[in-house]
Amino acid sequence: QVQLVESGGGLVQPGGSLGLSCAASGFTFSRYAMSWYRQAPGKERELVADITSAGTVYADSVKGRFTISRDNAKSTVYLQMNSLKPEDTAVYYCKARLIRTYWGQGTQVTVSS
């Protein structure tokens, strides 16, 4: 059974930092491209960051502030978020893709004073 379980979300003040984790199981993690997406209220889900064997890709809005990484031995992908802004408020989802695509259930990140 495939599972992607995000954790680490919460409430943080503007300028603060937060780290998200996504623990995967049920598939060969190392073979899959892993991504973080987010969806704010009333908006479409958007790509935040992506990591494959070829490297990393970031949305322009998070470049220089967010870092995606993965630990294949732990089947986990991470998203370190620094210098957070109110516009980063969203539900954050991790996604695994190869031939099939799997999504986690999401974790809420709220940036507010």
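Given the structure is predicted, the values throughout are model-derived calculations rather than measurements.

Caption draft 1: Here's a closer look at the pattern of salt bridges. Counted under the stated rule, the structure contains 5 salt bridges. Across the pair Arg65 and Asp88 runs a salt bridge, and its minimum N-O distance is 2.8 Å. With a gap of 23 residues between them, Arg65 in the loop between β6 (55–58) and β7 (66–71) and Asp88 in the loop between β8 (76–81) and β9 (90–97) connect regions that are remote in the sequence. The residues Arg65 and Asp88 share a single accessibility class, namely buried. Through salt bridges with shared partners, a single ionic network connects Arg38, Glu46, Arg65 and Asp88.

Caption draft 2: Quick peek at the pairing of β9. Burial analysis of β9 places 6 of its 8 residues in the buried class, which makes it a mostly covered element. One ladder, built from 7 bridges, connects strand β4 (residues 33–39) with β9; its direction is antiparallel. Residue pairing in the sheet places Trp36 in a bridge with Cys94 of β9. Of the pairings in the sheet, the one linking β9 to strand β10 (residues 101–103) comprises 3 bridges and is antiparallel in character. Along β10, the bridge assignment pairs Lys95 with Trp103. What sits between the antiparallel neighbours β9 and β10 is a turn of 3 residues.

Caption draft 3: Fine view of the sheet that holds β7. Spatially, the 4 strands line up as an open sheet ordered β1-β3-β8-β7, and their pairing is antiparallel. Looking along the sheet, the strands with just one partner apiece sit at the ends: β1 (3–7) and β7. With direction set aside, neighbouring strand axes in the sheet form an average angle of 15 degrees. Across 5 bridges, the pairing between β1 and strand β3 (residues 18–25) is antiparallel. Of the residues in β3, the one forming a bridge with Leu4 is Ala24.

Caption draft 4: Seen up close, the side chain of Thr76. Along the chain, Thr76 turns up in strand β8. With relative accessibility at 9%, the residue Thr76 sits in the buried group. Of note is the side chain of Thr76, whose polar atom sits 2.9 Å from the backbone oxygen of Lys74. Among residues more than four places away in sequence, those in contact with Thr76 are Ser21, Cys22, Ala23, Phe29, Ser69, Arg70 and Asp71.

Caption draft 5: Looking closely at unusual backbone geometry. With phi around 50 degrees, Ser75 is a residue other than glycine that occupies positive phi space. Here Ser75 lies in the loop between β7 and β8. Despite not being glycine, Ser83 shows a phi value in the positive range, around 50 degrees. Turning to its location among the elements, Ser83 is positioned in the loop between β8 and β9. In this structure Ser83 comes out as partly exposed when scored by relative accessible area, which is 41%.

Reading guide: rules and limits
Residues numbered from 1 in each chain as written. Predicted model: local features only at pLDDT ≥ 70, side-chain atom pairs only at ≥ 80, totals over all residues. Heavy atoms only, no water. Salt bridge = Lys/Arg side-chain N within 4 Å of Asp/Glu carboxyl O. Helix = DSSP H or I, 4+ residues; strand = E, 2+ residues; numbered from the N terminus. Buried < 20%, exposed > 50% of the residue type's maximum accessible area, 1.4 Å probe, protein only. Pairing = 2+ DSSP bridges. Axes fitted to C-alpha atoms, helices over the stretch in contact; angles between N-to-C directions. Polar contact = N/O pair within 3.5 Å; in protein donor to acceptor, adjacent residues only side chain to side chain. Contact = heavy atoms within 4.5 Å.

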